[in-house]
Every structure is written in structure tokens, then in C-alpha cells.
Amino acid sequence: MPPKNFKCKQCGNCCLNLTDAFQTSVSDEEVALWEMEGRYDILEWVNSIHLGEEYYIHDIWISPKTGDDVGRCPWLRKLPKQNKFICRIQDVKPEHCRKYPQSRKHAEETGCRGFE
Ligand code: SF4
Ligand code: SF4
């Protein structure tokens, strides 16, 4: 649920400039959901490291070609002839993307224009 009075302008700032949007990690539950949905196109960009017993860290987004962190989110697409962006995995995007921004203050501090 987005914060009250919030409307995404599709400016792409969050996905382009906030490295913690695309150089971070996701939960066991998110990985399990992608597995359940057969989203191996997404899972190939996740690097799961076994930390012992049942503990894993699931780093995103890691290039399946180079094994390195990406410089920009692989799911972000610019709409043709518009200065707007869409997420290609909108329906199943990571929780931290779905919850952004968490408040008006968070938006203002991170350059989100959704309250303008
Ligand atoms: S997964 Fe979607 S919402 Fe999240 S950073 Fe990438 S393009 Fe943006
Ligand atoms: S920075 Fe805010 S307004 Fe721009 S795309 Fe992200 S959520 Fe939408």
C-alpha cells in the first residue's frame, strides 16, 4: 500500500540512482516465491550464499554472465519516446521495491517526486 497522497511519476530515480534498490539482498520467502512461480529468469540474477545450517544470503542483482553486481537494475525499461520508466517484474518485484518510499520523509530524502 503506497503512502497517502503518493503517486509514482515513473521518473525512475529510485531504480536508477539508489544503489540499495538493485545492489542488496532479498529474503528466503521472496526467493521461494520466485521458485514457486517458476521465475528462473529472475532467479538467475540472484546469488544465494550458504552461511551455514539453514542460513542463506540472497544477493541481487548479480550478472549471470560476469558474476558481478550490476550498475543498474536489469528489470528497468525506459518507455520509448518518453522520459518514463517501468519495472519489467512489477508483479513480483522485491519487497523493498514494493515498499518504496516508506514515507514522505523517506521520499524527500531520496529524491522521489511521488508527493509533488
Ligand atoms: S526490480 Fe523493478 S522496482 Fe526494483 S529496482 Fe528493479 S526496476 Fe526498480
Ligand atoms: S523515485 Fe518515486 S516517483 Fe520516481 S519512479 Fe521511484 S517511486 Fe516513482
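Structure: above.
The following refers to the structure shown. (Residues numbered from 1 in each chain as written. Chains lettered and ligands numbered in written order. Predicted model: local features only at pLDDT ≥ 70, side-chain atom pairs only at ≥ 80, totals over all residues. Heavy atoms only, no water.)

### Some thoughts on the overall build of the protein
Each helix and strand counted, the protein has 6 helices and 5 strands in total. The secondary structure elements of the protein, listed N-terminal to C-terminal, are α-α-β-α-α-β-β-β-β-α-α. With respect to the three principal axes, the spread of C-alpha positions in the protein is 45 × 30 × 25 Å. Burial analysis of the protein (116 residues in total) assigns 31% to the buried set. Considering only contacts within the protein whose residues lie at least 6 apart along the sequence, 55% involve residues at least 24 apart. As displayed, the protein offers around 8000 Å² of accessible surface, 50% of which is attributable to carbon and sulfur atoms. Placing the 17 positive and 18 negative side-chain charges of the protein at their respective mean positions leaves the two points 16 Å apart. (Helix = DSSP H or I, 4+ residues; strand = E, 2+ residues; numbered from the N terminus. Buried < 20%, exposed > 50% of the residue type's maximum accessible area, 1.4 Å probe, protein only. Contact = heavy atoms within 4.5 Å. Areas by Shrake-Rupley, 256 points an atom, 1.4 Å probe, with all protein chains shown as cover. Lys, Arg positive; Asp, Glu negative; His and termini not counted. Charge placed at Lys NZ, Arg CZ, Asp CG, Glu CD.)

### Remarks on the sheet that holds strand 2 (residues 47-52)
Taken in spatial order, the 3 strands line up as 1-3-2 in an open sheet, and their pairing is antiparallel. The outermost strands of the open sheet, each flanked by one partner alone, are strand 1 (24-26) and strand 2. Averaged over all neighbouring strand pairs, the angle between strand axes comes to 40°, with direction disregarded. Both strand 1 and strand 3 (residues 55-60) contribute to a ladder of 3 bridges, which runs antiparallel. (Pairing = 2+ DSSP bridges. Axes fitted to C-alpha atoms, helices over the stretch in contact; angles between N-to-C directions.)

### Observations regarding unusual backbone geometry
Across the junction of Tyr100 and Pro101, the peptide omega takes the value -10°, indicating a cis bond. Take Pro101: it is sitting in the loop between helix 5 (95-98) and helix 6 (104-110). The phi dihedral of Gln10 is positive, around 55°, even though this residue is not glycine. Residue position: Gln10 is located in the segment before helix 1 (13-17). With a relative accessible area of 30%, Gln10 lands in the partly exposed category. Although it is not a glycine, Lys81 sits at a positive phi angle of roughly 60°. By secondary structure assignment, the location of Lys81 is in the loop between strand 4 (76-78) and strand 5 (85-87).

### So, the site of ligand 1
Near ligand 1 you find Cys15, Cys73, Trp75, Leu76, Cys87, Ile89, Lys93, Pro94 and Cys97, and these make up its full shell. Judged by its atoms lying within 2 Å of the grid points, ligand 1 is housed in the largest pocket. For the shell around ligand 1, a count of residues per class yields 8 nonpolar, no polar and 1 charged. (Near = heavy atom within 4 Å. 1 Å grid on protein atoms, 1.4 Å probe; cavity = no way out; pocket = protein on both sides within 12 Å on 5 of 7 lines; lining within 4 Å. Sits in = over half its atoms within 2 Å of the grid points. Nonpolar A, V, L, I, M, F, W, Y, C, P; charged D, E, K, R; others polar.)

### Overview of the site of ligand 2
What surrounds ligand 2 is the set Phe6, Cys8, Lys9, Gln10, Cys11, Gly12, Asn13, Cys14, Tyr100, Cys112, Arg113 and Gly114. The cavity where ligand 2 resides is the largest pocket. Per-class residue counts for the shell around ligand 2 are 6 nonpolar, 4 polar and 2 charged.

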